[in-house]
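Geometric and topological summary
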Amino acid sequence: MKISIVTIVRNNVSQIGETMDSVLNQDYPELEYIVIDGASTDGTVEEIEKRRGGLAVFVSEPDRGIYDAMNKGIARATGDVIGLINSGDRYLPGALKLVAESFAGRDLGNSIFWGDVIYEKKGRVRGFRPENRYRGAFAPHPSMFVPRRVYERIGAYDTSFRLLGDYDFMYRAVNHCGVDVIYVPEPVAFYREGGFSDRNIAACLRDELHVKLRYGQPRWKAETEYFLKLIKNLPRIMLAKC
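Residue positions are given per chain, counting from 1 as you read along its sequence in written order. In keeping with the model being predicted, local features are shown solely for residues with a pLDDT of at least 70 and side-chain atom pairs are shown and tallied solely at 80 or more, while totals for entire chains, interfaces and linings include all residues. Hydrogen atoms and water are omitted, and side-chain values are computed over all heavy atoms in the structure.

1. Points about the environment of Leu92
Operational definition: Secondary structure elements follow DSSP: runs of H or I no shorter than four residues count as helices, runs of E no shorter than two count as strands, and numbering proceeds from the N terminus. In this analysis, two residues are considered to be in contact whenever any of their non-hydrogen atoms come within 4.5 Å of each other.
Tracing the backbone shows Leu92 in the loop between strand S5 (90-91) and helix H4 (95-103). The spacing of Leu92 and Arg214 is 122 residues in sequence and 35 Å in space, taken between C-alpha atoms. The residues contacting Leu92, other than those within four sequence positions of it, are Gln26, Ile118, Pro187, Val188, Ala189 and Phe190.

See the structure below:
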C-alpha cells in the first residue's frame, strides 16, 4: 500500500527538521513524501533542502492559508492513503506500518483511520470517541489517514475556514457522508499544543457551531453545546487575550 504524507509549513525553521525526520525515518517502503512551504523566509527552505533527497514533491510558494496548503499537497498525492503531519508535530515510530496493516482488506473508498495522539501537555488522547462524534470530539489530523478515493468522493478541505477546516472535513466524512471509521487505540503521532487554533478558542467554537448547523444538526442542540463549551473554556479564552 502506497502512503503519501503531506507536511505544510511556513517560517518554522526550528521544528521542520524534526517533523520531516519523523516521516523519513518510518522505514516504510512505499512512502511518498510531499512538503508544501508557504514561501518561508526564516531558513525553513534551507532545512527542507537538507532532506530534499527523501521528497517526492517540494513546493515553496505563497498560499491562501492552512487548508489551501493542505489541498495543494492532497492534489499532488498519488498514494492509496494520505496522511497530514504539519511542521511541529511528528509521527511515532511504526505509525505508517500500523496504518497499512489497519487498512488491509478494507474499502478504500469508504474508510478513514484514526489512531491515538500524544499531546505535548495533556498526554495521550483517544483518536476517536463514537459517543462524542456529534459534539466535536475528533483527534487532531496527525492521527488521521484518509484514502485518496475518499477525498475524491467527498472533497478535501473547505478553504473558507481559517481554523477548523479539518473539523469540517471530519464531521462531513463521518456524520454526513457515512464513511466507516477504523479506530486503532495505539499512539501514532505527537501533537504540539499552542498553535493558531489553541490561541483562538472562541473563534474555533464559532466555527464548530457553523459546521454542525451546516450539516443539519438541530439549532437548539448545536447552540446549547456551543454555550456550554464557551463557559467551560472562558478562563482559557480570557488568558489568551492577556
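2. Digging into the pattern of salt bridges
This is how it is decided: Here a salt bridge means any side-chain nitrogen of Lys or Arg lying within 4 Å of a carboxyl oxygen belonging to Asp or Glu. Three labels apply to residues, based on accessible area from a 1.4 Å probe with only protein chains included: buried if under 20% of the type maximum, exposed if over 50%, partly exposed otherwise in between.
Evaluated as defined, the whole model comprises 19 salt bridges. Where Glu47 meets Lys50, a salt bridge forms, and the shortest distance between an N and an O atom there is 2.6 Å. Residue Glu47 is classed as buried on the basis of its relative accessible area of 17%. According to the relative accessible area criterion, Lys50 is exposed, its value standing at 62%. For Asp107, the salt bridge goes to Arg149, with nearest N and O atoms at 3.8 Å. Here Asp107 is found in the loop between H4 and strand S6 (111-119), whereas its partner Arg149 is found in helix H5 (residues 148-154), with 42 residues between them in sequence. On the basis of relative accessible area, Arg149 is assigned to the partly exposed category, the value being 47%. A cluster of three or more residues bridged by salt bridges with shared partners is formed by Asp21, Glu47, Lys50 and Arg51.

3. Concerning the side chain of Thr7
The criterion, for reference: Polar contacts here mean pairs of N or O atoms no more than 3.5 Å apart (in protein, one a potential hydrogen donor and the other a potential acceptor; neighbouring residues in sequence count only if both atoms are side-chain atoms).
Note that Thr7 resides in strand S1 (residues 3-9). In terms of polar contacts, Thr7 uses its side chain to reach the side chain of Tyr33, at 2.7 Å. When residues no more than four places from it in sequence are discounted, the contact partners of Thr7 are Ile16, Thr19, Tyr33, Ile34, Val35, Ile36, Ile85, Asn86 and Ser87.

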